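A look at the structure
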Amino acid sequence: MTVIRADHLTKRFSTSENRDVVAVDSVSFEVQSGEVFGLLGPNGAGKTTTLRMMLGLLRPSSGDARINGCSVSADPDQVKRLVGFVSTSVGVYQWLTTEEMLLFVGDLYNVPPETCRERIDHLSRLLDFSSFLHRRCGVLSTGQKQRVSLARALIHDPPVMLLDEPTRGLDIVGSQVIFEYLQLLKSEGRAVVICTHRLDEAERFGDRFGLMHQGAMRLTGTLAELQQQTGKKGLTDIFIDLIRSPQETGS
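Conventions adopted
Residues numbered from 1 in each chain as written. Predicted model: local features only at pLDDT ≥ 70, side-chain atom pairs only at ≥ 80, totals over all residues. Heavy atoms only, no water. Pairing = 2+ DSSP bridges. Helix = DSSP H or I, 4+ residues; strand = E, 2+ residues; numbered from the N terminus. Contact = heavy atoms within 4.5 Å. Axes fitted to C-alpha atoms, helices over the stretch in contact; angles between N-to-C directions. Buried < 20%, exposed > 50% of the residue type's maximum accessible area, 1.4 Å probe, protein only. 1 Å grid on protein atoms, 1.4 Å probe; cavity = no way out; pocket = protein on both sides within 12 Å on 5 of 7 lines; lining within 4 Å. Points joined across faces, edges and corners; volume = space filled by probe spheres on them. Nonpolar A, V, L, I, M, F, W, Y, C, P; charged D, E, K, R; others polar. Salt bridge = Lys/Arg side-chain N within 4 Å of Asp/Glu carboxyl O.

The strand order across the open sheet formed by four strands is β2-β1-β4-β5, and the pairing between neighbours is antiparallel. Each having just a single partner strand, β2 (20-32) and β5 (70-71) make up the two edges of the open sheet. Two strands pair when backbone bridges link them, and strand β1 (residues 2-14) and β2 are joined in this way by nine bridges, in the antiparallel orientation. Bridging from a neighbouring strand, F13 pairs with V21 of β2. Lying over the sheet, helix α1 (residues 47-54) contacts β1, β2 and β4 (62-67), oriented at roughly 115° with respect to β1.

Take a look at the structure:
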């Protein structure tokens with residue numbers, strides 16, 4: 001079942017010289033339930049802007065996206081209730097315990113307290129943070145904070161998860177936690193979009209991929225489909241070949 005549908009999403013920004021800059025240029029793709037879609041590209045490709053439109057934080061200049069059938073342009077508040085968001089820039093509240101913070105986030109989403117406690121108990125076992133459930137977030141290690149951030153994105157039980165560079169700044173252990181988290185999301189039937197410029201990692205967790213460059217979606221498909229289309233072996237080689245200019249190829 002299609003849970004995420006981006007339809008010609010476009011975002012333009014005006015500069016101080018009254019010129020329009022197209023940050024995202026008519027991007028379209030779909031994500032099914034239980035599927036991880038890797039939105040790939042270098043910094044400045046338009047990935048984060050695309051995510052922000054899908055989250056309902058930025059209004060598209062044109063086009064639209066639907067989350068579980070809900071339009072981000074028509075009802076951005078409802079979209080936010082349907083989405084969980086994970087990013088290395090999303091922190092924790094240092095003076096609250098892990099449990100207090102998750103209860104607070106659950107309350108923001110109008111999750112009944114008893115239901116919220118049941119989900120905290122469930123997530124603490126799945127993500128292995130029972131041992132620091134009653135510890136203040138300010139004294140947690142980086143890895144422990146990471147697990148709390150992953151839990152907070154799931155506390156309202158959203159059908160869709162959006163992850164923006166979730167492995168940035170993490171060591172190999174932290175990256176493995178993200179990989180296991182993605183497997184959990186897939187097993188629960190959630191539709192997932194993960195933005196990253198680390199193409200070697202993307203091959204581990206993605207079912208399908210969309211390669212963005214200069215605001216546009218240049219290629220989409222499974223790794224096997226992309227290999228067949230380009231004749232290249234890995235995502236890094238595919239992408240380098242995609243963005244290589246005519247001057248560099250000598251043509």
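With that out of the way, let us pick up the environment of G38. Inspection of the secondary structure puts G38 in strand β3 (residues 36-40). Among the residues examined, G38 registers a relative accessible area of 0% and is labelled buried. When the C-alpha positions of G38 and G231 are compared, they lie 20 Å apart, and in sequence the two are 193 residues distant. Residues in contact with G38, not counting those within four places in the same chain, are I194, R208, F209 and G210.

One pass over the structure, following the stated rule, counts one cavity of 30 Å³ or more. Approximately 50 Å³ is the volume attributed to the largest cavity. Lining the largest cavity, in full, are T167, S175, I178, F179, E201, R204 and F205. Elements with a minimum of two residues in the lining of the largest cavity: α6 (172-187) and α7 (199-205). Per-class residue counts for the lining of the largest cavity are three nonpolar, two polar and two charged.

The next point concerns the pattern of salt bridges. Considering all chains together, one arrives at nine salt bridges under this definition. Two residues, R5 and E30, come together in a salt bridge whose shortest N-O distance is 2.3 Å. A residue pair is termed long-range when its members are at least 10 positions apart, and R5 in strand β1 and E30 in strand β2 qualify at 25 residues. With relative accessibility at 38%, the residue R5 sits in the partly exposed group. What you see here is one network of salt bridges that share partners, running through D157, E188 and R190.

As far as function goes, none of this settles anything; it's purely spatial.
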